[in-house]
Amino acid sequence: MGIQGMELCAVAVVILLFIAVLKQFGILEPISAEDGGDAELELSAVRHQPEGLERLLARTKFTKKELQSLYRGFKSECPSGLVDEETFKLIYSQFFPQGDASTYAHFLFDAFDADHNGALCFQDFVIGLSVLLRGTVHQKLKWAFNLYDINKDGYITKEEMLEIMKSIYDMMGRCTHPALQDSAPAEHVELFFQKMDRNGDGVVTFEEFLETCQKDEDIMSSMQIFENVI
């Protein structure tokens, strides 16, 4: 798998890999006709009680049946109602046996862990999934920007982007051809900033990130790929 241009196309990679993780968890089950009133999220069945159905309907763009199906899959794989970071990394690493996905998985886990309590609950998953699959372009790009903005100060620095790019290269491992040079992550960071840092001040704001991505046809088309996955 090549990663040329990934400094701009990583948004699509995030969506694809997150869906792969959810499928591995068994969370993306087909929605059957029987999903209905008998499956009112069974809130008392787990030790970590998720938000009520009505609140999740208001906070996501999923239907009642979709939420019930997602919850059924989540509950079967995570009966405690929580997924810790080590479990998330273990699942993620199965998709990249030739590389080391732990650092990238850490960044992705942190992006979904909205309250930063070290564990992902059902609402963390479903709210993030709603943004990635059903959100507006602005919402999806804001989520991606937040992934890259490691310290959450509202700016992407070269140091932060280098950490992200190194984690992507580490994750791909020996899957790339031809073999990558050690300088490749830093070179991609420079390309990223040439495209994104509009005013040349050494940091990328969300406004710069949004403007650049919206003008890139590949990124805009990638925003539509997974909208009907469930």
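Residues numbered from 1 in each chain as written. Predicted model: local features only at pLDDT ≥ 70, side-chain atom pairs only at ≥ 80, totals over all residues. Heavy atoms only, no water.

Asks: For the overall build of the protein, give the residues involved together with the corresponding values.
Replies: Per the secondary structure count, the protein includes 11 helices and four strands. When burial is assessed residue by residue, the protein has 50% of its 230 residues classed as buried. Within the protein, contacts between residues separated by at least 24 positions form 70% of all contacts whose residues are at least 6 apart in sequence. Summed over its atoms, the accessible surface of the protein is roughly 11100 Å², and 51% of this surface lies on carbon and sulfur atoms. (Helix = DSSP H or I, 4+ residues; strand = E, 2+ residues; numbered from the N terminus. Buried < 20%, exposed > 50% of the residue type's maximum accessible area, 1.4 Å probe, protein only. Contact = heavy atoms within 4.5 Å. Areas by Shrake-Rupley, 256 points an atom, 1.4 Å probe, with all protein chains shown as cover.)

Asks: Describe unusual backbone geometry, listing the residues and the values that go with them.
Replies: What you tend to see is this: most non-glycine residues have negative phi, and most peptide bonds are trans. Phi angles above zero are rare outside glycine, and His116 is one such case at about 50°. Relative to the elements of secondary structure, His116 occurs in the loop between helix 5 (102-112) and strand 2 (119-121). Even without a glycine there, the phi angle at Lys152 is positive, about 60°. Here Lys152 lies in the loop between helix 7 (137-148) and strand 3 (155-157). Since its relative accessible area comes to 32%, Lys152 is described here as partly exposed.

Asks: How would you summarise the nonpolar core if you had to cite specific residues and measurements?
Replies: If you look at the biggest cluster of nonpolar residues, it comprises 55 residues, and the most contacted ones within it are Tyr92, Leu141, Met161 and Phe209. In this structure, Phe209 is in contact with Leu141, Ala144, Phe145, Tyr148, Ile156, Phe192, Met196 and Val204, ignoring residues within four places of it in sequence. (Core = buried A, V, L, I, M, F, W, Y, C linked by side-chain atoms within 4.5 Å.)

Asks: Explain the confidence of the model for the protein residue by residue, including any values.
Replies: Averaged over the protein, the pLDDT score is 77; the fraction of residues at 70 or greater is 71%. Ranking the helices and strands of the protein by mean pLDDT puts strand 4 (residues 203-205) first, with 97, and helix 1 (residues 6-25) last, with 52. A low-confidence stretch, residues 1-11 stays under pLDDT 50, and its non-local contacts, those more than four residues away or across chains, total 30 contacts. (pLDDT = per-residue confidence, 0-100.)

Asks: Mind laying out the environment of Asp182, listing which residues take part and the relevant values?
Replies: Relative to the elements of secondary structure, Asp182 occurs in the loop between helix 8 (158-172) and helix 9 (184-196). In this structure Asp182 comes out as exposed when scored by relative accessible area, which is 81%. Along the backbone, Asp182 and Lys166 are 16 residues apart, and their C-alpha atoms lie at a distance of 9.6 Å.

Asks: Give me the lowdown on the packing of helix 3 (residues 64-77) against helix 6 (residues 122-134), citing residues and values where you can.
Replies: The geometry of helix 3 relative to helix 6 is characterised by a closest axis approach of 11 Å and an angle of 130° between their N-to-C directions. Classified by the angle between their axes, helix 3 and helix 6 sit oblique to one another. In terms of crossing hand, the pair formed by helix 3 and helix 6 is right-handed. Residues Glu66, Leu67, Leu70, Tyr71 and Phe74 of helix 3 form the contact with helix 6, whose participating residues are Phe122, Phe125, Val126, Leu129 and Arg134. Among the residues forming the contact of helix 3 with helix 6, the class breakdown is eight nonpolar, no polar and two charged. (Axes fitted to C-alpha atoms, helices over the stretch in contact; angles between N-to-C directions. Parallel < 35°, antiparallel > 145°, perpendicular 65-115°, else oblique. Left-handed = near helix turned anticlockwise from the far one by under 90°. Nonpolar A, V, L, I, M, F, W, Y, C, P; charged D, E, K, R; others polar.)

Asks: An account of the side chain of Asp197 is needed here, citing residue identities and associated values.
Replies: Following the sequence through the fold, Asp197 ends up in the loop between helix 9 and strand 4. Buried charge without a partner: Asp197 forms no salt bridge, and the closest opposite charge is Lys158, 6.7 Å away. A polar contact is formed between the side chain of Asp197 and the backbone nitrogen of Gly200, at a distance of 3.2 Å. At a separation of 2.8 Å, a polar atom in the side chain of Asp197 contacts the main-chain amide nitrogen of Gly202. Excluding residues within four positions of it along the chain, Asp197 makes contact with Phe192, Gly202, Val203, Val204 and Glu208. (Lys, Arg positive; Asp, Glu negative; His and termini not counted. Salt bridge = Lys/Arg side-chain N within 4 Å of Asp/Glu carboxyl O. Polar contact = N/O pair within 3.5 Å; in protein donor to acceptor, adjacent residues only side chain to side chain.)

Asks: Break down the environment of Gly135 for me, citing the residues and quoting the values.
Replies: Mapped onto the secondary structure, Gly135 falls in the loop between helix 6 and helix 7. In this structure the C-alpha to C-alpha distance between Gly135 and Thr60, which are 75 residues apart in sequence, comes to 8.7 Å.

Asks: Give a description of the environment of Pro185 that names residues and reports values.
Replies: Among the structural elements, Pro185 can be located in helix 9. For the pair Pro185 and Ile164, spaced 21 residues apart in sequence, the C-alpha to C-alpha distance is 8.9 Å. Not counting residues up to four positions away in its chain, the partners in contact with Pro185 are Leu162, Met165, Lys166 and Tyr169.

Asks: Could you give me a rundown of the side chain of His188, with the residues and numbers involved?
Replies: In this fold, His188 is placed in helix 9. Among the residues examined, His188 registers a relative accessible area of 6% and is labelled buried.

Asks: Requested: an account of the packing of helix 9 against helix 10 (residues 206-214), with residues and values cited.
Replies: Contact geometry of helix 9 with helix 10 gives a least axis separation of 9 Å together with a crossing angle of 90°. Comparing their axes, helix 10 and helix 9 come out roughly perpendicular. Each of Phe192, Lys195 and Met196 in helix 9 lies in contact with helix 10, whose residues at this interface are Glu208, Phe209, Thr212 and Cys213. The residue inventory of the contact of helix 9 with helix 10, partitioned by class, reads four nonpolar, one polar and two charged.

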